[in-house]
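Residue-level listing of the chains:
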Amino acid sequence: MTYGNFPGARPRRLRTTPAMRRMVAEHRLHPADLILPAFVREGATAPVPISAMPGVVQHTRDSLRKAAVEALSAGVSGIMLFGVPDEAKKDALGTAGTDPDGILQVALRDVRAEVGDDLVIMSDLCLDEFTDHGHCGVLDSAGRVDNDATLERYAEMAQVQADAGAHVVGPSGMMDGQVGVVRDALDQTGHEDVSILAYTAKYSSAFYGPFREAVGSSLKGDRKTYQQDPANLRESLRELALDLSEGADMVMVKPAMPYLDVLAKIADEVDVPVAAYQISGEYAMVEAAAEKGWIDRDKAILETLTGIKRAGANMILTYWATEVARGL
Ligand code: PBG
């Protein structure tokens, strides 16, 4: 008998049973890979659903505390907080973002009091939630986002967020020099141990859509003069080099799924932990298709997260963090 035409190599042998597939899996999701982004709304007396993100809410101070405890007991490693101030407190400078009693600072203190150091507590360091024009920085007289004036605001934000108990601050405004200024501000105010998770490659994306509802953003126009052009990969390496030289402890790519090549490239280059942020629109896409019965929700969620991990992320920010961690 000659079987010369049959394959000499049979990769399918390693796919024969669930146990075999599990054994040879190259990547595994672990609850500790996951970080939960969470919104807290000033003055809310009950959690407010976000219509474009079914299952996600703007928390009250109490429900946020509970969400942090649930995330912790599911094994999630961190929580990233976003504050939603009273509409009346928004102004051109985003003053509520640097008020020690602003909603984000209050929430940081609440969560720190609740979970201590058991969960890594992170804060979004950006002005868009707090400005009446909705931009991530302050504007000059011509209405453009003023880079260096914004840096001064970020320095102040870093200090109040660290004072309020953030273990990690996440500068996300894509201003030039933001990581360096935040590092200096932290060091000069006795917060040498507070880390910086730099939003290194943050693209100007249509997938932020649902987030704008989540934080009640009043943005008109776009963020194309500061967030990156989706067409560019090399530019993200330049941002990476700058962030590392300015003192970033961890770097992040955002959004995740449309930018897995960027994530893979950055993960290849660095010796610091790499995060990916699976953003609001990525969440909404899966939830909406599942609601229509077009895809299997749970399988799709795990597949997206596994793909992000395979591309090189050590940590993933995802609105499904607690649910997925529980199921793992
Ligand atoms: C900026 C910030 C944004 C998100 C996280 N931090 C919005 C933006 O830059 O437009 C988006 C997160 C998401 O869409 O889930 N404060």
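For every chain, the first residue of the written sequence is number 1, and numbering continues from 1 onward in sequence order. Confidence filtering applies because this is a predicted model: local features only for residues at pLDDT of at least 70, side-chain atom pairs given and counted only at 80 or more, and all residues used for totals across whole chains, interfaces and linings.

Chemist: Please provide a residue-by-residue account of helix H4 (residues 147-163), values included.
Modeler: Helix and strand labels come from DSSP, where a helix needs a run of H or I of at least four residues and a strand needs a run of E of at least two; each type is numbered from the N terminus. The span you would expect from a helix comes to 1.5 Å times its residue count less one. For H4, which comprises 17 residues, the first-to-last C-alpha distance of 24 Å matches the rise-based estimate of 24 Å (1.5 Å per residue) to within 8%. Those residues of H4 lying buried are Thr150, Leu151, Arg153, Tyr154, Ala155, Met157, Ala158, Gln159, Val160, Gln161 and Ala162. In the core, the buried residues of H4 are packed alongside helix H3 (103-115), strand E5 (120-125), strand E6 (168-171) and helix H5 (178-188). At the exit of H4 stands Gly165, carrying a positive phi of roughly 120 degrees. Three exposure classes are used, all based on how many other C-beta atoms lie within 10 Å of a residue's own C-beta (placed from the backbone): buried at 20 or more, exposed at 12 or fewer, and partly exposed between those limits. Each residue is represented by a C-beta atom placed from its backbone, and any two residues with such atoms within 7 Å are regarded as in contact.

Chemist: Tell me about unusual backbone geometry, and please be specific about residues and values.
Modeler: Across the junction of Lys254 and Pro255, the peptide omega takes the value -10 degrees, indicating a cis bond. Counting through the fold element by element, Pro255 comes out in the loop between strand E8 (250-254) and helix H8 (260-269). A positive phi angle, close to 60 degrees, is found at Met174, a residue other than glycine. Relative to the assigned elements, Met174 resides in the loop between E6 and H5.

Chemist: Could you give an account of the packing of H4 against H5, naming the residues involved and the relevant values?
Modeler: To obtain an axis, a line is fitted to C-alpha atoms, over the contacting stretch when the element is a helix, and the angle between two such axes runs from 0 to 180 degrees between their N-to-C directions. Following both chains from N to C, one finds H4 and H5 inclined at 45 degrees, their axes separated by 8 Å at the closest point. Between H4 and H5, the angle falls in the class oblique. Read as a crossing pair, H4 and H5 show a hand that is right-handed. Along the contact surface, H4 presents Leu151, Tyr154, Ala155, Ala158, Gln159 and Ala162, while H5 presents Gln178, Val181, Val182, Ala185 and Leu186. Angle categories: roughly parallel below 35 degrees, roughly antiparallel above 145, roughly perpendicular from 65 to 115, and oblique for all the rest. Take the far helix as your reference; a near helix turned counterclockwise from it by less than a right angle gives a left-handed crossing, and one turned clockwise gives a right-handed crossing.

Chemist: Can you explain the pairing of strand E7 (residues 195-202)? Please cite residues and give values.
Modeler: Of all eight residues in E7, eight are buried; the element is thus mostly enclosed. Summarising the sheet, E6 and E7 pair through two bridges and their orientation is parallel. Residue pairing in the sheet places Val169 in a bridge with Ile196 of E7. Call a crossover right-handed when, viewed with both strands pointing away from you, the route from the first strand across the helix to the second goes clockwise. Each parallel crossover has a hand, and the one from E6 via H5 to E7 is right-handed. At least two bridges found by DSSP between two strands is the condition for calling them paired. Where E7 meets E8, five bridges bridge the pair, whose relative direction is parallel. Across the sheet, the residue bridging to Ala198 is Val251, located in E8.

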